[in-house]
Amino acid sequence: MTAGATGGWHVATVVGARPLTRSARELTLSVPGLEASSPGQHLDVRLTAPDGYQATRAYSLAATGQAERADLVVDRVPDGEVSPYLVDVARPGDLMEVRGPLGGYFVWRPGDPGPVLLVAGGSGVVPLLAMLRARRASSSRAPFRLVCSVRGPADAIGREEIDEPTPGVEVHWVFSRESPPGWPTRPRRVADDDLAAPGFTAADGPDVFVCGPTGFVEAAAALLTGLGHAPDRVRTERFGGA
Amino acid sequence: MDRPAHDAPLDGNAVAGLLGEAFAFETTLALVRCATCGRTDVVARARAHVSAMGAIVRCDGCDAVLLVVVERPDGTLVSTRGAAWLRAPRPADRPY
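Residue positions are given per chain, counting from 1 as you read along its sequence in written order. Lettering of chains starts at A and numbering of ligands starts at 1, both following the order in which they are written. Only residues with pLDDT of at least 70 are given local features in this predicted model, and only at 80 or more are side-chain atom pairs given and counted; all residues enter the totals for whole chains, interfaces and linings. As a convention, hydrogens and water are excluded, and side-chain values are obtained from all of the structure's heavy atoms.

Under an unreviewed UniProt entry, the name given to chain A is Oxidoreductase, and the organism recorded is Isoptericola cucumis. UniProt positions are given in the numbering used here, feature names are shortened, and annotations may be inferred rather than shown by experiment. In its Cofactor (unreviewed entry) section, the UniProt entry covering chain A states "FAD".

Pasting the structure below:
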């Protein structure tokens, strides 16, 4: 066993599974020896096939702060190697291995006074949901604005929970392909107007966290620096498919 | 060990687990200086191509290879030839 920063691999047992959308599922794992995580961190998940073939993928933690437990949200990538198993097949009692909690850069600390601007593309909302959950669970009064871009209402992960009214937290949805019935705007991509809100402009100096697929992250980061946010205040995390 | 062409590059956050097998510090917050162009930034902001065998970390400025990480049965191997240096974060280091 190596003695690096990750502490190596831990055996994890699935103890809960909850569908969130037609393609995403929240999996709860029991992981003896796993340290408590911080909002924004992720885990590496390793699956081993009967023939010994192994596949490893990184998944963000949707809830943090509790040792020996991991709440992952996994969105199915249709031709993926790992995510279809985790979304469609894994059930309580199944075993896998995890490494983490990982990452120190894309992390919000509840002691930070804020403001905080969160920008999510698709299932990139997961680490930002962890930050939102941590804020709601703490005494933090940091102003939060969460901008969530999703294809359509059926793809919105955790929308009811995210929309729960909370003083100091504002949520803004952008539908890119299909708007809900009666929604005031047509489907469109995230634009300057979505990102520039009073209290969260470049002059307010917010900590900005952007997470999503690579194309989304790069487009959003370009808009944000165009609005005057210092590039090093815009923290990004890209995820791929599999 | 290049990744399939249809996969977009990720960033240094994705390599935290792999690099954590080799280094005892939080690698996403470590500073790395590109030996080719001199750009100096945290590993989290570099580009990363992750494959089944390991990862290639490239400079976000000039695209030169900074680090190559290979997982092997006898341990995790990191080539740092493209980096002038890598500086571990201090425990109290914050991103900004």
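Continuing now.
Observations regarding the interface of chain B and chain A
Contact with chain B, which involves 24 residues of that partner, is made by 28 residues of chain A. Roughly 2,100 Å² is buried in total at the junction of chain B and chain A, and carbon and sulfur atoms are behind 48% of that figure. The term salt bridge refers to a pairing of a side-chain nitrogen on Lys or Arg with a carboxyl oxygen on Asp or Glu at a separation within 4 Å. Arg99(A) is paired through a salt bridge with Glu21(B); the nearest N and O atoms lie 3.0 Å apart. Two N or O atoms form a polar contact when they lie within 3.5 Å of each other; inside protein one atom must be a possible hydrogen donor and the other a possible acceptor, and for residues adjacent in sequence the pair counts only when both atoms belong to side chains. Viewed at the interface, chain A and chain B are joined by 14 residue pairs in polar contact (both at pLDDT 80 or more). Throughout, a contact is declared for two residues whenever any of their heavy atoms are within 4.5 Å. Once two parts are joined, some of their accessible surface, as seen by a 1.4 Å probe, is lost; buried area is that loss totalled over both.

A closer look at helix H5 (residues 214-226) of chain A
Numbering of helices and strands runs from the N terminus; a helix is a DSSP stretch of H or I covering at least four residues, while a strand is a stretch of E covering at least two. By definition here, a helix of n residues has an expected span of 1.5 Å times n minus one. In this model, H5(A) (13 residues) spans 18 Å end to end at C-alpha, consistent with the 18 Å of a helix rising 1.5 Å per residue. Summary of the burial criterion: residues with accessible area below 20% of their type's maximum are buried, those above 50% are exposed, and those between are partly exposed, where the area comes from a 1.4 Å probe applied to protein chains only. Buried within H5(A) are the following residues: Thr214(A), Phe216(A), Val217(A), Ala220(A), Ala221(A) and Leu224(A). End-on view of H5(A): buried residues confined to an arc of 155°, all on one side of the axis. Along H5(A), exposed side chains directed more than 90 degrees from the buried face belong to Gly215(A) and Gly226(A). Contacts from the buried residues of H5(A) go to strand S7 (116-121), strand S8 (144-150), helix H4 (192-195), strand S10 (207-213) and strand S11 (234-239) of chain A together with strand S1 (10-11) of chain B. Arc definition: directions from the helix axis to the C-beta atoms.

Things to note about the sheet that holds S10(A)
Residue and element names in this part refer to chain A. The strand order across the open sheet formed by five strands is S9-S8-S7-S10-S11, and the pairing between neighbours is parallel. Each end of this open sheet is capped by a strand with a single partner; those strands are strand S9 (169-175) and S11. The sheet shows a mean angle of 10° between the axes of neighbouring strands, taken without regard to direction. Two strands pair if DSSP finds at least two bridges between them. Two elements, S7 and S10, share five bridges in a ladder whose sense is parallel. Bridge pairing in S10 places valine 116 opposite aspartate 207. Here the axes come from fitting lines to C-alpha atoms, over the contacting stretch only for helices, and the angles between their N-to-C directions go from 0 to 180 degrees.

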